[in-house]
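# Survey of secondary and tertiary structure
Now for the letters of each chain:
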Amino acid sequence: MENTPFGRIITAMVTPMHDDGSIDYDGLQRLAVHLADHGHDGLLVNGTTGESATTTDDEDYDCVRAVVEAVGDRVAVMAGCGTNDTEHSARAAREMVARGADALLIVTPYYNKPPQDCIVEHFRMVAEAGDGTPVMLYDIPSRTGTALSTETIRRAADIEQVKAVKDAKGDLFEASRLMAETGLLWYSGDDVVNLAHLAQGATGIVSVVGHVAGDLYAEMLACIDRGDLPRARAIHTQLIPAVDAIMHTSQGAIQVKAALKMLGLIESDQLRMPLRQGPAEHLEKLRNGLAASGLR
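Residues numbered from 1 in each chain as written. Predicted model: local features only at pLDDT ≥ 70, side-chain atom pairs only at ≥ 80, totals over all residues. Heavy atoms only, no water.

### A word on empty space enclosed by the protein
Per the stated rule, a full pass over the model turns up 1 cavity of 30 Å³ or more. Where the lining of the largest cavity is concerned, the elements lending two or more residues are β6 (162–167) and α7 (172–182). Sort the elements by how many residues they give to the lining of the largest cavity and α7 lands first, with 3 residues. Grouping the amino acids of the lining of the largest cavity by side-chain chemistry returns 5 nonpolar, no polar and 5 charged. (1 Å grid on protein atoms, 1.4 Å probe; cavity = no way out; pocket = protein on both sides within 12 Å on 5 of 7 lines; lining within 4 Å. Points joined across faces, edges and corners; volume = space filled by probe spheres on them. Helix = DSSP H or I, 4+ residues; strand = E, 2+ residues; numbered from the N terminus. Nonpolar A, V, L, I, M, F, W, Y, C, P; charged D, E, K, R; others polar.)

### Here's the deal with the environment of I140
Positionally, I140 belongs in the loop between β5 (135–139) and α5 (141–144). Separated by 21 residues in sequence, I140 and Q161 place their C-alpha atoms 20 Å apart. Residues contacting I140, with those up to four places away along its chain left out, are V107 and A168. (Contact = heavy atoms within 4.5 Å.)

### Quick look at the environment of M179
For M179, the position within the fold is in helix α7. Of the residues examined, M179 reaches a relative accessible area of 14% and is grouped as buried. Apart from residues no more than four positions distant in its own chain, M179 is found in contact with L184, W186, Q200, G201 and A202. (Buried < 20%, exposed > 50% of the residue type's maximum accessible area, 1.4 Å probe, protein only.)

### What to know about the pairing of strand β1 (residues 9–12)
A two-sided burial pattern is seen for β1, the buried positions comprising I9 and T11 on one face and I10 and A12 on the other. Of the strand pairs in this sheet, β1 and strand β8 (residues 204–207) are connected by 3 bridges, and their pairing is parallel. Across the sheet, I9 pairs through a bridge with I205, a residue of β8. Sheet analysis places β1 next to strand β2 (residues 42–45), joined by 3 bridges and oriented parallel. The residue bridging A12 from the neighbouring strand is L44, located in β2. (Pairing = 2+ DSSP bridges.)

### Looking at the UniProt feature "site: Part of a proton relay during catalysis" (unreviewed entry) in the protein
Taking the numbering used here, the UniProt-annotated feature "site: Part of a proton relay during catalysis" (unreviewed entry) corresponds to T48 and Y111. Checked against the lining of the largest pocket, the annotated residues reduce to T48. Mapped onto the elements of the fold, T48 is located in the loop between β2 and α2 (57–71). Of the residues examined, T48 reaches a relative accessible area of 31% and is grouped as partly exposed. Not counting the four nearest positions on each side in its chain, T48 is found in contact with Y138 and R143. With respect to the secondary-structure elements, Y111 resides in the loop between β4 (103–107) and α4 (116–129). (UniProt positions renumbered as here; feature names shortened; annotations may be inferred.)

### As for the sheet that holds β1
The sheet built from 8 strands closes into a barrel, its strands ordered β1-β2-β3-β4-β5-β6-β7-β8 with parallel pairing. Within the sheet, the average angular offset between the axes of one strand and its neighbour, ignoring direction, is 25°. (Axes fitted to C-alpha atoms, helices over the stretch in contact; angles between N-to-C directions.)

### Looking at the layout of surface pockets
There is about 620 Å³ of room inside the largest pocket. Along its surface, the largest pocket is lined by 30 residues, and T48, S52, A53, G82 and Y110 are the ones closest to its centre. Those elements that provide at least two residues to the lining of the largest pocket are α2, α3 (86–98), β4 and α5. Here the lining of the largest pocket is composed, by residue class, of 13 nonpolar, 12 polar and 5 charged. When its volume is computed, the second largest pocket comes out at roughly 370 Å³. In terms of lining residues, the second largest pocket is bounded by 24 residues, among which Y138, I140, R143, G189 and M247 are the most central. Residue assignment for the lining of the second largest pocket shows that the elements contributing at least two residues are α5, β8 and α11 (252–262). Here the lining of the second largest pocket is composed, by residue class, of 10 nonpolar, 10 polar and 4 charged.

### Here's the deal with α2
In this model α2 runs 21 Å from its N-terminal to its C-terminal C-alpha over 15 residues, within 8% of the 21 Å that 1.5 Å per residue would give. Buried within α2 we find E59, D60, Y61, C63, V64, A66, V67 and V71. (Expected span 1.5 Å × (residues − 1).)

### Some details on the side chain of D269
Relative to the assigned elements, D269 resides in the loop between α11 and α12 (280–292). Owing to a relative accessible area of 13%, D269 belongs among the buried residues under this scheme. Setting aside residues up to four positions removed in sequence, D269 forms contacts with K257, A258, K261 and Q277.

The following block contains the structure:
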């Protein structure tokens, strides 16, 4: 497969917090080490699952620094820097690169719903602020309200720093077309379709469930690489209960923080409002899903 500056098995990390809502940087570093020990060659800091909507700029920069200090010599560290403000995003890109980020993730600007030509220029300006750092674009219309059109991705592929797409749009045929046409590295951004994306040639995954299933996802990818689709499919099937419990019961960050606490990997499942811990029935489904997938 392709050489990639992002890694191939990447988890979009939660941001561990103390019970008072302050960031647990020691816990963040311990979690990063655990992930590096369990199948990951890349980590994403300050993504959606990291609650980037409610963390401050300084907290984001400190999270990048902490993860780079903990595992920067072992895995690629990618930093989410995209917002719906181009100047803000460009400033964040510069600061995160200064803290040691190996790559940047830029999400489609949300809420203000810019036209497609404006989105391309947004990507260009933020990517150029990273001073040559490789960029992954993030296409997730369910959150941003705007899907990247095929032509927008073609045009964005001409931006020197843009090397990859994190695809959470779910159009598998269009993904295969764009992989073939653009040469961009392609990443599944939705655990539900990880196997489907990998089977049709995606480079890797950017996962939430990877917090608890990194070794299995690394094995799935290795199976795809060597042509062992039956074993890759068996891993997918094994993980269905866990994926369902984490991704379909409630919001992903809520459920995966609960899972990490349940497994003793973080001390608190505290979140920042408007997210908060789920009810007992969600925890029970999570407990059963992890057990059914052999993860606890």
